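# Architecture at a glance
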Amino acid sequence: STQLGIDSITHFAGFRNDIGDCMQAFDIGVQPSIDCEASSFSVMEQMATGKPIVASNHGGTKEIVRDGQDGYIVPQGTVEPLTAALRTLIADAPLRQRMGASARQRVSDEFTLDLLAQRTADAYRRALALHAKRTGDLRDNDQLRLVSRTQSGRSSIATTLPSLGEVRESRWRK
């Protein structure tokens, strides 16, 4: 931060294991990514704490944050739209609260661990069905199980594909 000349206004905290507590100090979640963001868990975590989001339209973030409802999506790599969105939210506390509440509701409706596990299992089922349709090689004992709750109460997904390896091997032998 010293080399950038911003050491008087920034602090790079390094690794934190109390990020949930830290997020409570924020008023706005900002994610101006320009590279490597397929699906941002940090954006979902910020939304879950009721923060409105200002994020670039890079990667999967634009599919998580509804522009104008949960926050603002700005073109990646631009400064002026990012600044304008932040100024709007800084100046309007009721808007921040509405967008933050909408963001929290979106995460609880669309991005719970149970839903993500179910959607992953559904994707595997569709892939297996497509494979079976194309090859006819899947056997009756092929299965995909979703374990929605473990004994500890945490969501988890378990897959059992006993003959997929056999299918793969049989295709190579042909």
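Preceding this section is the structure that the text describes.
My aim in this report is to walk through the structure given alongside it, one point at a time.

Thresholds, definitions, all that
Residues numbered from 1 in each chain as written. Predicted model: local features only at pLDDT ≥ 70, side-chain atom pairs only at ≥ 80, totals over all residues. Heavy atoms only, no water. Salt bridge = Lys/Arg side-chain N within 4 Å of Asp/Glu carboxyl O. Buried < 20%, exposed > 50% of the residue type's maximum accessible area, 1.4 Å probe, protein only. Pairing = 2+ DSSP bridges. Helix = DSSP H or I, 4+ residues; strand = E, 2+ residues; numbered from the N terminus. Axes fitted to C-alpha atoms, helices over the stretch in contact; angles between N-to-C directions. Contact = heavy atoms within 4.5 Å. 1 Å grid on protein atoms, 1.4 Å probe; cavity = no way out; pocket = protein on both sides within 12 Å on 5 of 7 lines; lining within 4 Å. Points joined across faces, edges and corners; volume = space filled by probe spheres on them. Nonpolar A, V, L, I, M, F, W, Y, C, P; charged D, E, K, R; others polar. Parallel < 35°, antiparallel > 145°, perpendicular 65-115°, else oblique. Core = buried A, V, L, I, M, F, W, Y, C linked by side-chain atoms within 4.5 Å. Expected span 1.5 Å × (residues − 1). Arc of directions from axis to C-beta.

Attention now goes to the pattern of salt bridges. Under the counting rule described, the total for this entry stands at five salt bridges. Between D70 and R66 there is a salt bridge, with the nearest N and O atoms lying 2.8 Å from each other. Under the relative-accessibility criterion, D70 is labelled buried at 0%. Overall, R66 belongs to the partly exposed group, its relative accessible area being 29%. Among the charged side chains, a network of salt bridges with common partners joins R66, D70 and R106.

Another aspect to go through is the sheet that holds strand β1 (residues 29-31). One open sheet holds the three strands; their spatial order is β1-β2-β3, and the pairing between them is parallel. Edge positions in the sheet fall to β1 and β3 (71-74), since each of these pairs with one other strand and no more. Mean inter-strand twist for the sheet, computed between neighbouring axes without regard to direction, equals 10°. Bridge count between strand β2 (residues 53-56) and β3: four bridges; the pairing is parallel. When the sheet's bridge partners are listed, S56 is paired in β3 with V74. Contacting β1, β2 and β3, helix α4 (residues 80-91) runs over the sheet at an angle of about 170° to β3.

What follows deals with the layout of surface pockets. In this structure, the largest pocket occupies an estimated 270 Å³ of space. Of all elements in the fold, only α1 (19-23) and α2 (41-48) reach the threshold of two or more residues within the lining of the largest pocket. Looking at the lining of the largest pocket residue by residue, the class counts come to six nonpolar, three polar and two charged.

For the pair α4 and helix α5 (residues 93-110), the least separation of the axes is 5 Å and the interaxial angle reads 105°. Considering the angle they form, α4 stands roughly perpendicular to α5. On α5, the residues touching T88, L89, I90 and A91 of α4 are A93, L95, R96 and M99. Looking at the contact of α4 with α5 residue by residue, the classes come out as six nonpolar, one polar and one charged.

Quick look at the nonpolar core now. Among the nonpolar cores identified, the biggest contains eleven residues, and these are V43, M44, M47, I53, A55, I64, V65, I73, A103, V107 and F111. Secondary structure elements with two or more residues in this core: α2, β2 and α5. Examining the composition of this core, we find that three residues originate from one element, α2, more than from any other. Contact partners of F111, with chain neighbours within four places excluded, come to M44, I64, R106 and L116. Judged by nonpolar contacts, the second largest core, of eight residues, contains I28, V54, L95 and M99.

An α-helix turns once every 3.6 residues. As a result, residues three or four positions apart point the same way. Over its twelve residues, α4 runs 16 Å from end to end, which matches the ideal 16 Å to within 8%, given 1.5 Å per residue. Turning to α4, its buried residues number three or more, namely L82, A85 and L89. Mapping the buried residues of α4 onto a view down its axis gives an arc of 70°, with all of them on the same face. Summarising the geometry of α4, the exposed residues directed more than 90 degrees from the buried face are E80, R87, I90 and A91. Elements in contact with the buried residues of α4: β1, β2, β3 and α5.

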